[in-house]
Amino acid sequence: MDIAIETAVTEHVKSIAAICSFGWKQTVEGKLSEKYRNKHAEEWYNHERVKADIEQGSYTHVAIVNSKVAGVIGGAITESRVSQVFVLYVEEKYRYKGIGRQLLNILTEEHKKAGATEQWVSVQDGNQRGIPFYEARGFRKQEKKSVVTDTGEPFVNLRYSRSL
């Protein structure tokens with residue numbers, strides 16, 4: 001399987017929105033209500049917002065397989081020497097084929113070249129796809145934050161970091 005990593009552009013909006021919406025809903029399934037999942041997936045991953053986020057650099061790269069977007073990553077240097085991974089999702093049928101690793105590697109290399117020495121990511125508590133992925137790449141849990149959603153549901157977020 002040939003995987004090409006490209007810069008995210010507005011032509012990728014529809015695919016990025018679909019991959020992220022599905023992936024996020026899957027991540028919080030069983031933890032947050034369907035009402036909350038649908039509401040926030042529509043808020044965060046609607047085409048207008050995804051387009052704006054691409055244009056401002058929040059989504060940085062896509063993985064292309066057979067001319068189709070198979071995964072997406074976004075992140076930025078958020079403070080001096082600190083890199084943040086905002087989003088990383090891979091379409092379900094392409095998972096466990098090295099796409100996430102390649103996306104993370106390219107983002108990380110760009111951030112290292114820009115001076116980052118530390119990288120952070122947030123992961124939903126219990127995310128058995130994301131947590132092992134990040135831990136295998138040297139991320140270690142630093143914080144556990146519990147909040148209550150606007151629908152009154154508990155939401156537990158884990159913050160992981162690694163040295164670059």
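One can find the structure itself at the top, above this paragraph.
Residues numbered from 1 in each chain as written. Predicted model: local features only at pLDDT ≥ 70, side-chain atom pairs only at ≥ 80, totals over all residues. Heavy atoms only, no water.

**Details of the overall build of the protein chain**
Right, so step 1: In terms of regular secondary structure, the protein chain is built from five helices and seven strands.
Right, so step 2: Over its C-alpha atoms the protein chain spans a radius of gyration of 15 Å, differing by no more than 12% from the 15 Å that the globule rule assigns to 164 residues.
Right, so step 3: In terms of its C-alpha atoms, the protein chain occupies a principal-axis envelope of roughly 40 × 35 × 30 Å.
Right, so step 4: Across the 164 residues that make up the protein chain, the buried fraction comes to 48%.
Right, so step 5: Contacts in the protein chain between residues far apart in sequence, at least 24 positions, make up 63% of those at least 6 positions apart.
Right, so step 6: Accessible surface for the protein chain amounts to roughly 8,700 Å². Of this, 46% is attributable to carbon and sulfur atoms.
Right, so step 7: Positive and negative side-chain charges of the protein chain, numbering 24 and 21 respectively, have mean locations separated by a distance of 5 Å. (Helix = DSSP H or I, 4+ residues; strand = E, 2+ residues; numbered from the N terminus. Rg over C-alpha atoms; globule rule 2.2 N^0.38 Å. Buried < 20%, exposed > 50% of the residue type's maximum accessible area, 1.4 Å probe, protein only. Contact = heavy atoms within 4.5 Å. Areas by Shrake-Rupley, 256 points an atom, 1.4 Å probe, with all protein chains shown as cover. Lys, Arg positive; Asp, Glu negative; His and termini not counted. Charge placed at Lys NZ, Arg CZ, Asp CG, Glu CD.)

**Examining the sheet that holds strand 1 (residues 4–7)**
Right, so step 1: Pairing is mixed across the open sheet formed by seven strands, whose spatial order is 1-2-3-4-5-7-6. Edge positions in the sheet fall to strand 1 and strand 6 (140–148), since each of these pairs with one other strand and no more. Each strand of the sheet is rotated relative to its neighbour by a mean of 25 degrees, with strand direction disregarded.
Right, so step 2: Direction of pairing for strand 4 (residues 82–90) relative to strand 5 (residues 118–124): parallel, over a ladder of four bridges. Residue pairing for strand 5: Val82 is matched across the bridge by Glu118.
Right, so step 3: Contacts from helix 4 (residues 99–113) reach strand 1, strand 2 (61–65), strand 3 (68–79), strand 4, strand 5 and strand 7 (154–163) within the one sheet, and its direction differs from that of strand 3 by about 30 degrees. (Pairing = 2+ DSSP bridges. Axes fitted to C-alpha atoms, helices over the stretch in contact; angles between N-to-C directions.)

**Concerning helix 1 (residues 13–28)**
Right, so step 1: Taking 1.5 Å per residue, 16 residues should reach 22 Å; helix 1 reaches 22 Å between its end C-alpha atoms and fits that length.
Right, so step 2: All buried positions along helix 1 are accounted for by Val13, Ile16, Ala17, Ile19, Cys20, Ser21, Gly23, Trp24, Gln26, Thr27 and Val28. (Expected span 1.5 Å × (residues − 1).)

**Observations regarding the packing of aromatic side chains**
Right, so step 1: Here the structure, examined in full by the defined rule, presents five aromatic pairs.
Right, so step 2: On the numbers, 6.1 Å between centres and 45 degrees between planes, the contact of Trp24 with Tyr36 is tilted. With a gap of 12 residues between them, Trp24 in helix 1 and Tyr36 in helix 2 (residues 34–45) connect regions that are remote in the sequence.
Right, so step 3: Ring geometry for Tyr134 and Phe139: centres 5.2 Å apart, planes at 80 degrees, overall edge-to-face. For the pair Tyr134 and Phe139, a shared accessibility class is recorded, and that class is buried.
Right, so step 4: One aromatic cluster in this structure is built from Trp24, Tyr36, Trp44 and Tyr45. (Phe/Tyr/Trp six-rings, centres within 6.5 Å; stacked < 30°, edge-to-face > 60°.)

**Remarks on helix 3 (residues 47–55)**
Right, so step 1: All buried positions along helix 3 are accounted for by Val50, Asp53 and Ile54. Projected down its long axis, helix 3 carries its buried residues within an arc of 100 degrees, all on one side. Within helix 3, the exposed residues directed more than 90 degrees away from the buried face are Glu48 and Glu55.
Right, so step 2: Elements in contact with the buried residues of helix 3: helix 1 and helix 2.
Right, so step 3: Where helix 3 begins, the side chain of Asn46 points an oxygen toward the backbone nitrogen of Glu48, at a separation of 3.1 Å.
Right, so step 4: Following helix 3 by one or two positions, Gly57 has its phi on the positive side, about 90 degrees. (Arc of directions from axis to C-beta. Polar contact = N/O pair within 3.5 Å; in protein donor to acceptor, adjacent residues only side chain to side chain.)

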